[in-house]
Amino acid sequence: MSENRTFWENEERLLDERVSRATWPGGQKAVDRLAKQGKKPVRELVQLLIDPDTEFYELSRIAGFGVNYPGGIEDVPCAGLVTGIGKINGNWTMIFGNDSRVKAGTYFPITLKKHIRAQAIAERCGLNCVYIADSGGAFLPMQADVFPDDGHFGSMFYNMARMSAMGLKQVTLSTGGNTAGGAYIVFMACQSIMIDKMSYSFLGGPPLVKMATGEVISAEDLGGAKVHTQISGGADHFCGDQEEAVYKVREILALEKPQEISIHRYAESPPASGADSIYDIMPAQIHQSIDGRKVLECIADDSYFYEYKRDYAPGRGDNIVAGKIRIKGIPVGVIASNSVGIIFAEAARKAAEWIVRCSQEKTPLLFVQNAPGYMVGSESEHMGIGKYGSDMVRSVSCAQVPRIQLVIGPDNGAANYGMCGRAYRPHFLFHTMRARTGVMSGRSAAGVLLSIEERKREVKGNPMTDEEKQAFSQKMIEKYDGEAHPFYCGSRILNDRVLKFSEIRDWLAMAFEVSLLQPIGEPSFGNFRF
Ligand code: COA
């Protein structure tokens, strides 16, 4: 077994541990508590909901670790919410499920970010949404951070209303409490299902009603399944238990039009070099040179990479390789880092050209990112690295085709922009355990900040000692490298999932398929400098 493989398998074991902590909050005790209420853990419900023997592509599983909210709340495992994409009756569907084991499924800032990110994917890709609702609503001690702003609690319902107007079904299966603002998840749905003596939905719960009006009433009589399906009409289907309710969701979505992707899909075939060999070729050192072509061979059908401008400006132009591959039959344009990945002017020009060509041909784009930045220095500035880098950023920003970013190494500075980082709204953004996303590497940041600190201390007449300099640098390296790590980025939903190397091909195939369900717009790029 290669040293690289051993290293990455160990790293991915750490990922597994984190995911296990995220998906089993409260351990067996919490599962037993649910069972007493006649409830299954939320992922079991999701598995029943999707087509048998199909996979649930769960997003943002490690969101919410290390968030350090008031009241000593360090972690909100999985952000208290499951989101992901699965097939219902053959159609890709966005599925949401509150995990009531995490503070009664209440919404923290990170929960909202996760919910709204999944709604954004659904809206952009034209996916119906199913909400498995079981939530205490806003996490009340943080109301100022979850209630009043755009992107806060109200945005979830705004999005539901707009998506349903676009013809995207919004179906709610209520399987617990839905109080105050949270009740709207039931009432705003195109169709909603409530379960006898399990689902409740009211604008004010019994304690609030007693306080406000003096009326003493049980939750069941105030807003239970019978009340809303037989009296108020706020919900549409009455079910006896969770299984029946899940079946009802599938029935509601049974007559949806079958989805089709908007470009031709070829017959699929596996990579000739074996997808798994990626473990051997990825260097354990983050800044060590990679072979971008070999990486693509591990992802592509037949390991076939059709390369654009292979011979252009060797040593400078080939720090990015561009071309086409097929992933499970889907043709994909690629812009992939190569070697140490520093982007020279020639590489930026080639990449911008290829992005424009793919947009004109309506071929979706994959950015495989391993770039620590654009090349600096007078030679590069005079060559026009600024303007060619900007052309690359402009083409990435304006391309109308689906774009996906996969980060497999350094992801710093403006290279993050040119290679379609989060601000450039890729349809999906995936990290691997080798990804490091930050404004600069820990070493560079320490160098810059140390020189500023040294100057300040000299002006004060108190120059830094060698020990102080070393301690200062070490602290900065740890901070910057820590914040660039996929665990940190995953916790804050700066990626949609941290993928194992072995998952890359399946996930990219799913993500391109889902991103291609909507028609592709016409290209329009504004003013290039060339
Ligand atoms: N804000 C902050 N914390 C909340 C909360 C909220 N809205 N709702 C529940 N919690 C906390 C509880 O304090 C408890 O914390 P603990 O584990 O540290 O003790 C935890 O979540 C579990 O709540 P619990 O009441 O024990 O769970 P349950 O399954 O018996 O009941 C609810 C769940 C949702 C029915 C019940 O918690 C409830 O009615 N919550 C208030 C809902 C509300 O009025 N929301 C308005 C906001 S828009």
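Residues numbered from 1 in each chain as written. Predicted model: local features only at pLDDT ≥ 70, side-chain atom pairs only at ≥ 80, totals over all residues. Heavy atoms only, no water.

Draft legend 1. Molecular detail of the packing of helix α4 (residues 109–125) against helix α6 (residues 153–165). Look at α4 against α6: their axes get within 10 Å of each other, and the N-to-C directions meet at 15 degrees. Classified by the interaxial angle, the pair formed by α4 and α6 is roughly parallel. Of the two possible hands of crossing, α4 and α6 adopt the one that is left-handed. Across the interface between the two elements, L112, H115, I116, Q119, A122 and E123 of α4 pack against F153, S155, M156, N159, M160, R162 and M163 of α6. Split into classes, the residues belonging to the contact of α4 with α6 amount to seven nonpolar, four polar and two charged. (Axes fitted to C-alpha atoms, helices over the stretch in contact; angles between N-to-C directions. Helix = DSSP H or I, 4+ residues; strand = E, 2+ residues; numbered from the N terminus. Parallel < 35°, antiparallel > 145°, perpendicular 65-115°, else oblique. Left-handed = near helix turned anticlockwise from the far one by under 90°. Contact = heavy atoms within 4.5 Å. Nonpolar A, V, L, I, M, F, W, Y, C, P; charged D, E, K, R; others polar.)

Draft legend 2. Geometry of the layout of surface pockets. When its volume is computed, the largest pocket comes out at roughly 430 Å³. K113, I116, R117, A120, I121, R124, R422, R425, P426, H427, I493 and L494 are the residues that line the largest pocket. Looking at side-chain class alone, the lining of the largest pocket contains six nonpolar, one polar and five charged residues. (1 Å grid on protein atoms, 1.4 Å probe; cavity = no way out; pocket = protein on both sides within 12 Å on 5 of 7 lines; lining within 4 Å. Points joined across faces, edges and corners; volume = space filled by probe spheres on them.)

Draft legend 3. Examining the packing of helix α18 (residues 442–459) against helix α19 (residues 466–484) more closely. α19 packs onto α18 with a crossing angle of 140 degrees between their chain directions and a minimal axis gap of 8 Å. By the angle class used here, α18 and α19 are oblique. Crossing handedness for the pair α18 and α19: right-handed. On the side of α18, the interface is formed by G442, R443, A445, A446, L449, L450, E453, E454 and R457, while α19 contributes E468, K469, F472, S473, M476, I477, Y480 and D481. The class makeup of the residues in the contact of α18 with α19 is eight nonpolar, two polar and seven charged.

Draft legend 4. Quick look at the site of the ligand. Taken together, R33, K103, A104, T106, G136, A138, F139, L140, P141, T179, A180 and G181 make up all the residues around the ligand. R33 places a polar side-chain atom, nitrogen or oxygen, 3.3 Å from an oxygen atom of the ligand. K103 has a polar side-chain atom sitting 2.5 Å from an oxygen atom of the ligand. Relative to its free-state accessible area of 870 Å², the ligand is covered by the protein chains to the extent of 50%. Of the residues assigned to the shell around the ligand, the class counts are six nonpolar, four polar and two charged. (Near = heavy atom within 4 Å. Polar contact = N/O pair within 3.5 Å; in protein donor to acceptor, adjacent residues only side chain to side chain. Areas by Shrake-Rupley, 256 points an atom, 1.4 Å probe, with all protein chains shown as cover.)

Draft legend 5. Summary view of the nonpolar core. Counting 112 residues, the largest nonpolar core has M94, I343, L366, L406 and L508 as the members making the most contacts within it. Apart from residues lying up to four places away in sequence, L366 is in contact with I327, V332, G333, V334, I335, I404, L406, L508 and F512. In terms of nonpolar packing, the next biggest core, distinct from the first, is built from 22 residues, V42, V46, V82 and I132 among them. (Core = buried A, V, L, I, M, F, W, Y, C linked by side-chain atoms within 4.5 Å. Buried < 20%, exposed > 50% of the residue type's maximum accessible area, 1.4 Å probe, protein only.)

Draft legend 6. Just α18, in detail. With 18 residues, α18 ought to run about 26 Å at 1.5 Å a step, and its terminal C-alpha atoms sit 26 Å apart, in line with that. When we look at burial in α18, the residues that qualify are G442, A445, A446, L450 and R457. Around the axis of α18, the buried residues are gathered within 125 degrees of arc, so they sit on the same side. Opposite its buried face, α18 presents the exposed residues R455, E458 and V459, each directed more than 90 degrees away. Of the surrounding elements, those touching the buried residues of α18 are α19. Positioned one or two residues after α18, G461 has a phi angle of 75 degrees, which is positive. (Expected span 1.5 Å × (residues − 1). Arc of directions from axis to C-beta.)

Draft legend 7. Spatial organisation of unusual backbone geometry. Of note, the phi angle at D302 is positive, near 55 degrees, even though the residue is not glycine. Tracing the backbone through its elements, the reader meets D302 in the loop between α13 (292–299) and β9 (306–308). Judged by its relative accessible area of 39%, D302 falls in the partly exposed class. Positive phi is not limited to glycine here, since K328 has a value of about 45 degrees. Within the secondary structure, K328 sits in the loop between β10 (320–327) and β11 (330–337).

Draft legend 8. The pairing of β10, seen in detail. For β10, a buried count of six out of eight residues is recorded, marking the element as mostly surrounded by other parts of the structure. Where β9 lies against β10, three bridges are found, and the strand directions are antiparallel. Residue pairing across strands places E307 opposite G323, the latter belonging to β10. Bridge count for β10 against β11 is eight bridges, and the pairing is antiparallel. (Pairing = 2+ DSSP bridges.)

Draft legend 9. Expanded view of the packing of aromatic side chains. This model, assessed by the stated rule, comprises 18 aromatic pairs. Between the aromatic rings of F157 and Y184, the centroid separation amounts to 6.0 Å while the plane-to-plane angle is 50 degrees, which identifies the pairing as tilted. Here the residue F157 occupies a position in helix α6, and Y184 occupies one in helix α7 (residues 184–187), the gap between them amounting to 27 residues. Note on F157: relative accessible area 9%, which makes it buried. (Phe/Tyr/Trp six-rings, centres within 6.5 Å; stacked < 30°, edge-to-face > 60°.)

Draft legend 10. Main features of the environment of G181. When you line up the elements, G181 lands in the loop between β5 (170–179) and α7. Residues G181 and G27, spaced 154 residues apart in sequence, show a C-alpha to C-alpha distance of 29 Å. Setting aside chain neighbours within four positions, we find G181 in contact with F153 and F157.

Draft legend 11. Looking closely at a positive patch on the surface. Taken together, R349, K387, R394 and R529 make up a surface patch of like positive charges. By the element assignment, R394 lies in helix α16 (residues 385–398). (Patch = residues over 30% accessible without salt bridge, like charges linked within 9 Å, V, L, I, M, F, W, Y side chains within 5 Å. Salt bridge = Lys/Arg side-chain N within 4 Å of Asp/Glu carboxyl O. Lys, Arg positive; Asp, Glu negative; His and termini not counted. Charge placed at Lys NZ, Arg CZ, Asp CG, Glu CD.)

Draft legend 12. Main features of a nonpolar patch on the surface. Together, Y184, F187 and L203 give the surface a local cluster of nonpolar side chains, amounting to about 270 Å² of exposed area. Note on Y184: relative accessible area 37%, which makes it partly exposed.

Draft legend 13. Here's a closer look at α6. Every buried residue of α6 is accounted for by F153, S155, M156, F157, N159, M160 and M163. The inward-facing, buried residues of α6 abut α4, β4 (128–135), α5 (143–146), β5 and α7. Following α6 by one or two positions, G167 has its phi on the positive side, about 95 degrees.

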